Structures are given as structure tokens and as C-alpha cells.
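Listed here are the chains, written in short residue letters.
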Amino acid sequence: MALVIAQVIVDVSTAAIDRPFDYHVPAQLESFIHPGIRVHIPFGPRKVQGFVISTSDETELDEKKLKPIESVVDIEPVLTAEMLELGKWLKDDTLCFYNDTLQVMIPAALRANYTKLVKVENASVLSEPFQNLLSKDLEVDFASLEKQHLIQELKVHLDTGNATIETRIRQKAKPKLQTVYHVIDASIELSGQAKKQQQVVDWILETNSKSFTIVDIQKHVQVATPVLDALVEKKILKKSKQEVYREIELLADTSIDKVVTLTEAQKEVLETINRAQQNQKSETFLLHGITGSGKTEIYLHAIEEALALGKEAIMLVPEIALTPQMVTRFKMRFGNQVAVMHSGLSVGEKYDEWRKIHRREVRVVVGARSAIFAPFENVGLLILDEEHESSYKQEDSPRYHAREVAKWRAQFANCPVILGSATPSIESYARAKKGVYILLELPSRANAKALPPVDLIDMREQLKGGNRSMFSMELIDAIRDRLAKKEQIVLFLNKRGFSSFVLCRDCGTTVQCPNCDISLTYHRMGEALRCHYCGYEELVPTQCPHCESEHIRFFGTGTQKVEEEITKLFPEARTLRMDVDTTRTKGAHERILHHFGQRQADILLGTQMIAKGLDFPEVTLVGVLNADTSLHLADFRAAEKTFQLITQVSGRAGRHEKKGHVIVQTYDPEHYALVNAQTHDYLGFYTQEMQMRKAYQYPPFYYLTHIQISHPEVITTADYAGKTAEWLRENLSQSTAVIGPTASAISRIQERYRYQCMIKYKREPNLTTALHQLLKLSRTQWEKQGVRISIDLHPSTIV
DNA sequence: AGCACGCCGACT
DNA sequence: GTCGGCGTGCTC
């Protein structure tokens, strides 16, 4: 009999371990071991989990060196063959380890949790605190012993063999189980005293039930589990556990899905896409359609085509656009054929949605970034709505971009990708112009409504005129007018790169985070100051920590402050505020929008999260309070982001019968990003922005790679950043520019100073090889000094 | 990443 | 004399 060997990627993310390890497959496991199955394996002195990536009947190693696989974690593979391939590509594309890319493709619930567990033979010889920690099967967590300073004592018992240590591998969530009662024999006689039990039996006979849950019966008979258990005891019922999915709450809004007849323009676009689907062509379409042009309707029809062809579809939307409105629309169209994945779900809920996909119970997935890894095996269509959104890029390792993953999967599956947006990213539009993508345009609104007029209000003029509030006279008048007409208003506060902080008016001190070089952000809730980078939190001081002055107060324009001013200006208006503070709890997001949709408020005030996807017929005024904050970021995409933002919010006004109006307040009304947003001129903006990108040598004319060096001491950081730049200049071609090192915009995060280098290049065939060498150099020589290096091959924001 | 093996200072 | 510090090197 052939010797069976499995190649395993071990769940340890380190360079030295980043390769397959061979394991012997014991005979009794042979039929279970397939690529994509996870296994428990001994690794050195410990036990870990790993992914089987392939099997074979030979090994290059000495056979006797192989250890056997201990057990399988899964019955069915959690990763398809495609995923194993995708992971291999993705690790090279993002410069991370194979294990990282495989882990990112499975739901968090399945990722292993390792705990060291101490088992004791004889508890009576232990000290009292030690005994108190033990569970009833004489086990205790190693970490809790450490906390109680019982390691010394443990060592003694490890030596005598009275205690042993083992690693326990746990999963974060399990399938939810529900108790089901099955009827065995309802004809058994009950004693006259058992009234409740009799009621149950009567109900069973009446409805002729074969099985039911406690929830089912409680709708008709008031019973608790003891009664049912008594019936189980009498062999009338039998109890069993059954897997159920966690129910995801949806505030149903049936008005959303009306069957729409497509316009000629929509039909044409759809036909082009469907042709690619039918011909199994892996093409990338850039669907450029202005807000309200009916892109979603095209997605829905294209998905229908995919389903008709017997294929599956994945649709990505940015996190904040994954509104209940959007989800409901999909649920109404595709019923229980859809799984939904977004960050609002608990780990368990995400796991359940993932299992629906895994078991092929659904054929459509709507979700945020990570839904691109939906384990379908017969994908026919991939869609990224709002393709320009930065949330498609994961900002920590593996730093993947969902757009690139989508294109890879499309090529693998021979199917099209649709990138849709009203304001495509400059890179994507440039690619479409070059013919790399196929450009599809929807230049007018589906209901032929004109885009709303946009007024740019120069806030400098307001200031000159003596108006020091954050509302211009024009905006105040417009709000007053809409309130009188009982129409709704959306006010948008641009908070990108902006937050409220505490400032001492006497000495000018701002309260800084002790770990990061950044001002703490003021949160009214709990009167706390929080660091947005490390989570540090403290109470708002009543005295300046520097000069002890009591004239310390928070500054900056938070949504709460705007809300106060609205109340002052318009006492009669009902305002809903939507920001990180009011949407922290589960479902809060949905509730606020639902209330606004039900017209329980006149004004919806919010940040980024209200910029997208909202469609309320009564909204006729959109106000942008401060267009500038995103304009002056130290980021080459600042203008692009501002243009996109203003265009997106403007699209919220007057989508239906009533005419809309947009007021944008700014200190820089001549800026091309704002002027082009005012005239709804994407092409105009694109043309000017491309000139800037060309002049300053930014993407899409040049590629960028961002390298960050960090260390607890500033001198060491600067020193190694210099070494990095020097090394890059020596090892990259002449035409490639290495910029820096410079201190990062946030010079310290979590007690580590940060310096960065930027590589600008047009063609650098050896880039990844060189970067691998740099990483190796850093690992072997710099890491000992505590220097950390992180590389982002295609940075989307530069902070 | 862990964990063991291995070589030099302060203690019963 | 031993206990224990953390440097180095390996994990199929």
C-alpha cells in the first residue's frame, strides 16, 4: 500500500514556517484527508491547526521523520481548490504568509483560538488559591495561573507529573442548536393531575404535529420546558438537538422593490454584460452611471442572468452602503437565495451566512469586502458597487484589495466583473480609457429627473458679513423653507481627517494620547477622551494638565455640536443624528434610517455614513457644512475623495417627484474638485485631476509602494528608515524614485515612532524580489533591535 | 510564534 | 555546588 502524505500549511504566521510541511496520514483518516480540510497536527513540542493543501504518496524527507496527522477538524473542506490557488497568488501580491491569506478566506468563527490548559491529577496537594481556580474536571487556564503568580507551584507539579500542560484549540463560534421535540406516541394515557401535559398532548393531536420546537408550541399553549421534559420522561416525546441559523433581523420595507422597466440605456448596458456572461468572457466592465441612473437595477438583472445560466453571483458594496434598504431590495428579489455578509453581524451570524454559501443553499452573496472570498465553485458574475471606495482595501495584513481579488476570480471562473460607480476612481477610469476595462456609461437618471442644482457658498464672505456660525445665511433660509413645507433635510458633516479635541484656551495645550502622537478625540458620551488609534481612554479634564487653567474645553465641529446649533436655530425641527456614537449598538444604524424614512424626523445629520445609498423621496435639501476638511489632507487622493464625497451626498437630494437642492459650504469655492462637483462634471474633474497626477508623478502615471519603519525610539526609527531608503536606492533601478525617509503624518502610534519611505516607479520588474530581500534583511538583522517594517504594495491612503 | 536546548551569574 | 537568566535554532 502506498504511503499517504499530506502537505500542510501550519497555522503559524512566520517567515520560517511559511511553507508546506509533510505529514503522514494514518490509515483511519485516509478517506477524510482532502485539500482544503483543516487538521490538528503535532508541530515541534506543541499542537496546532493547519490546512491540507495537497496529498501525495511520496516525500523528499526521511519517512521516519514524518509525524502523523492527529485528527481532522472538518468533514467537508473549508477551502475550495480555487481558494488554495487564490491564496497562493494573494500572498505574493500582498507580501504576506500563505497562512494569512488562507485564514482571511474563512469566517472568523472558524479561526482557531489557542489556549494552554493545565490538567491536575491530585488536587489535594495544591495550595488553596490553586485549588480554587480548578474546574470540576481539575483543569485550569495557564494564563489565569500566571495572573495569580502560581507558576512556581505549577513547575513543581509538572516535574512530579501531578500536572500536565496541553494546548486546547477552540473555535470561536459553533452552529446554534435548537431543541426539537418529536412525537413518539401521543396516545399514552396521562393522569388527571397533569393538566399542562394534557394541554400539550391535546395540541399535538389537534394539529397532528410530528415535531415542534418550544417556540412553535408557545404560540398556542403556555408551557415551559419542565412540562415537555415530563412528557419526554413518559416516552410520549423525544428530544433532539437540531442546527439552526441565527435569524438576522430585518425591518421590512415592502415599498422598496417595485419592478422597474429598464430604460433604453440600461437595456443596452445590460445586454453587453449579459453577452459576456453567456460567452464566458472574463472581462472587466467599468459602469459609470450618475447617481440615480439605476445601476442597482442593472446589477439585479445581471445577477438574474447569472442565476438563469446556472451560475452564482457575488456583489460587494462598501460597508457603509450596506444599508437595510439595499439588503431588503436583494432579499425581495432573490428571497432565500441570498446570503448577506457585513460587519454589523456577530461572529456567529457571519458564520451562519457563510455556511449557507458553503452548503450551496444560496447562490447570491451581498456583502462587504471579505465577501469576495465567498466559497462558490461556479461563479458567473462579480460586482463591486461604488468601486472607488477605499473600504475595499484592507488596511492590515493581508493588505488585499477586493477589486484585484475579484478580477483574479473572474479570470479563474471565466466570467465578467462589473465595477460600478458614479465617481469612478481615477485609476479605474484611466484603465477604461486605455481599453483595459470596457467602459459602460449611464449619463442620465433613470427617471429622467434632472440632477439637483448645487450652490457653493463662500464661507469667507459669511465671516466678513459677521456670520460666525457654521451655518451660512443661505443654508439657514433653505432649511427654514423646507421645514415650513414639511420636507426633509440631510445635513452632512465632512469629518474626514477631522475631529474635535480638547484645547486649553490659556496655554494652547491640547490633550495628547500618551502612546500615540495625536490629539485625543472628545466624545460626549461618557465625557471621555479617546485615542482613535490605540483605544486609550480618559475622562475629560476639568483643569489643563499643563498650566492648571480651568479654561479648557473641547474644540472642533462634532456632530453633537452641530446638533446643538440646529436646536438653537430651529427649535421646532426634529433632528436625528447618525455618527459613531449613535450607531454603536447593534441595529442602531437601521433604526435611525427607518425612523427617518417614516418621517419621524425633519433633519438627518451625519457623517460619511449618510453619504451613500440613502433614497428618501421627501429629501429635497442636502447641506454640506464643511466641504474643505477632506480637501487639504496630506494625501494625493484628497481632491478625488472630496469630489466623490460631494457628488455622492448631492445625489441624495430630489431623487423622486420633488425637486432637490444642494448647498455646499466651503472656504475654497474655486477649487476644481468643488467646481466640477457643482456642475456634476465627472469628465471635467477627471481631466484636471489627471493633469495634476501627471505633473506630480502620482498614480495612474506612476505606481507607489509605501514602506513604514517603526521602533519605540525615535533615533533608532530614523536611523533604520535611512538604512531602508539607502538599501532601496542601491537595489532598485535608476528610473525608480525612492522618496524619504520622512516622519509619518502620525509620528507615533501605540508607543512606536513611525517613519516612511515611498517608492515611485513606472516599471520595476524586480520590485517584489527586492522587497522580499529587504524583508529578509529586516528579519535576520533588524528585528532583534525591535525594528518593524511593513510594506504596502498598492497604498490607497497615505497616512 | 513558541518552545527546548545550552551556556554564564547570585543563591540555598 | 545548583537555579535560572535569555541567546540561538528548529519545527514535517
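What counts, and where the lines are drawn
- Residues numbered from 1 in each chain as written.
- Chains lettered and ligands numbered in written order.
- Predicted model: local features only at pLDDT ≥ 70, side-chain atom pairs only at ≥ 80, totals over all residues.
- Heavy atoms only, no water.
- Helix = DSSP H or I, 4+ residues; strand = E, 2+ residues; numbered from the N terminus.
- Buried < 20%, exposed > 50% of the residue type's maximum accessible area, 1.4 Å probe, protein only.
- Pairing = 2+ DSSP bridges.
- Axes fitted to C-alpha atoms, helices over the stretch in contact; angles between N-to-C directions.
- Parallel < 35°, antiparallel > 145°, perpendicular 65-115°, else oblique.
- Contact = heavy atoms within 4.5 Å.
- Nonpolar A, V, L, I, M, F, W, Y, C, P; charged D, E, K, R; others polar.
- Near = heavy atom within 4 Å.
- Polar contact = N/O pair within 3.5 Å; in protein donor to acceptor, adjacent residues only side chain to side chain.
- Domains from an automatic or database assignment.
- Left-handed = near helix turned anticlockwise from the far one by under 90°.
- Salt bridge = Lys/Arg side-chain N within 4 Å of Asp/Glu carboxyl O.
- Expected span 1.5 Å × (residues − 1).

## Side note on the environment of Ala224
- Counting through the fold element by element, Ala224 comes out in the loop between helix 7 (214–218) and helix 8 (225–233).
- What makes Ala224 partly exposed here is its relative accessible area of 39%.
- With 10 residues separating them in the primary sequence, Ala224 and Ile214 have C-alpha atoms 7.9 Å apart.

## A word on the pairing of strand 9 (residues 176–183)
- As paired elements, strand 9 and strand 11 (residues 237–244) share 8 bridges and run antiparallel to each other. From the neighbouring strand, Gln178 faces strand 11, where its bridge partner is Gln242.
- Taken together, the 3 bridges between strand 9 and strand 10 (residues 211–213) define a ladder with antiparallel strand orientation. Of the residues in strand 10, the one forming a bridge with His182 is Ser211.

## Some remarks on the packing of helix 19 (residues 638–650) against helix 21 (residues 682–695)
- Put simply, helix 19 and helix 21 touch, their axes get as near as 11 Å, and they point 170° apart. Looking at the two axes, helix 19 sits roughly antiparallel to helix 21. Facing Ala639, Glu640 and Phe643 of helix 19, the residues of helix 21 in contact are Tyr682, Phe685, Glu689 and Arg693.
- Each residue belonging to the contact of helix 19 with helix 21 can be placed in one class, and the counts come to 4 nonpolar, no polar and 3 charged.

## Let's talk about the protein's contact with DNA strand C
- Taken together, the neighbourhood of DNA strand C is formed by 14 residues, with Ile17, Arg19, Asp22, Gly44 and Lys67 sitting nearest.
- Put simply, 46% of the atoms of DNA strand C that lie within 4 Å of the protein are in sugar or phosphate.
- In this structure, Tyr23 approaches DNA strand C through a side-chain N or O atom, which is 3.2 Å from a phosphate oxygen.
- Measuring from a phosphate oxygen of DNA strand C, one finds a backbone N or O atom of Pro42 at 3.5 Å.
- Here the surface near DNA strand C gets 3 residues from one element, more than from any other, and that element is strand 2 (residues 21–24).
- Classifying every residue of the surface near DNA strand C by side-chain character gives 8 nonpolar, 2 polar and 4 charged.

## Some details on the domain arrangement of chain A
- Segmentation of chain A into domains returns domain 1 (5–77), domain 2 (114–169), domain 3 (185–235), domain 4 (264–442), domain 5 (454–499 + 556–694) and domain 6 (703–792).
- For domain 3 and domain 6, the distance between their C-alpha centres works out to 70 Å.

## Topic: the packing of helix 1 (residues 81–94) against helix 13 (residues 402–413)
- Remark: helix 1 packs on helix 13, axes separated minimally by 11 Å, with the N-to-C direction vectors making an angle of 135°. Comparing the axis directions of helix 1 and helix 13 gives the class oblique. Handedness of the crossing formed by helix 1 with helix 13: right-handed. For the pair formed by helix 1 and helix 13, the contact residues are Glu82, Met83, Glu85, Leu86, Trp89 and Leu90 on the first element and Glu404, Val405, Trp408, Arg409 and Phe412 on the second.
- Residue composition of the contact of helix 1 with helix 13, by class: 7 nonpolar, no polar and 4 charged.

## Some thoughts on the pattern of salt bridges
- Evaluated as defined, the whole model comprises 35 salt bridges.
- Between Lys239 and Asp229 there is a salt bridge whose closest N-O contact spans 3.2 Å. Separated by 10 residues along the polypeptide, Lys239 in strand 11 and Asp229 in helix 8 bring together distant segments of the chain.
- Here Lys356 and Glu353 are joined by a salt bridge, their closest N and O atoms 3.0 Å apart. Highlighted residues: Lys356 and Glu353, both in helix 12 (residues 347–358), separated by 3 residues, approximately one helical turn. We note that Lys356, like Glu353, is buried.
- If you follow the salt bridges from partner to partner, you end up with Glu243, Arg246, Asp352, Arg355 and Arg359 in one network.

## With respect to the side chain of Lys356
- Of the residues examined, Lys356 reaches a relative accessible area of 16% and is grouped as buried.
- Looking at Lys356, its side chain comes within polar contact range of the side chain of Glu353, at 3.0 Å.
- Setting aside residues up to four positions removed in sequence, Lys356 forms contacts with Tyr245, Glu361 and Val362.

## Considerations on the protein's contact with DNA strand B
- Every residue close to DNA strand B is listed here: Val12, Thr14, Ile17, Pro45, Arg46 and Lys116.
- At the protein interface, 56% of the atoms of DNA strand B within 4 Å belong to sugar or phosphate.
- Taking Arg46, its side chain carries an N or O atom lying 3.0 Å from a base nitrogen of DNA strand B.
- Separating a phosphate oxygen of DNA strand B from a side-chain N or O atom of Lys116 is a distance of 3.4 Å.
- Here the surface near DNA strand B is built from residues that sort into 3 nonpolar, 1 polar and 2 charged.

## With respect to unusual backbone geometry
- For the bond running from Ser397 to Pro398, omega is -5°, close enough to zero to count as cis.
- By the element assignment, Pro398 lies in the loop between strand 16 (379–385) and helix 13.
- Residue Arg360 is not a glycine yet carries a positive backbone phi of 60°.
- For Arg360, the location among the structural elements is in the loop between helix 12 and strand 15 (364–367).
- Owing to a relative accessible area of 33%, Arg360 belongs among the partly exposed residues under this scheme.
- Unusually for a residue other than glycine, Gln697 sits at a positive phi of about 55°.
- Here Gln697 is to be found in the loop between helix 21 and strand 30 (703–711).
- Gln697 sits in the partly exposed class, given a relative accessible area of 36%.

## Focus: helix 12
- With 12 residues, helix 12 ought to run about 16 Å at 1.5 Å a step, and its terminal C-alpha atoms sit 16 Å apart, in line with that.
- Among the 12 residues in helix 12, 9 count as buried, and that is most of the element.
- Of all the positions in helix 12, only Gly348, Glu349, Tyr351, Asp352, Glu353, Trp354, Arg355, Lys356 and Ile357 are classed as buried.
- At its buried positions, helix 12 is contacted by strand 11, strand 14 (338–341) and strand 15.
- Where helix 12 ends, the next residue or the one after it, Arg360, has phi of about 60°, a positive value.

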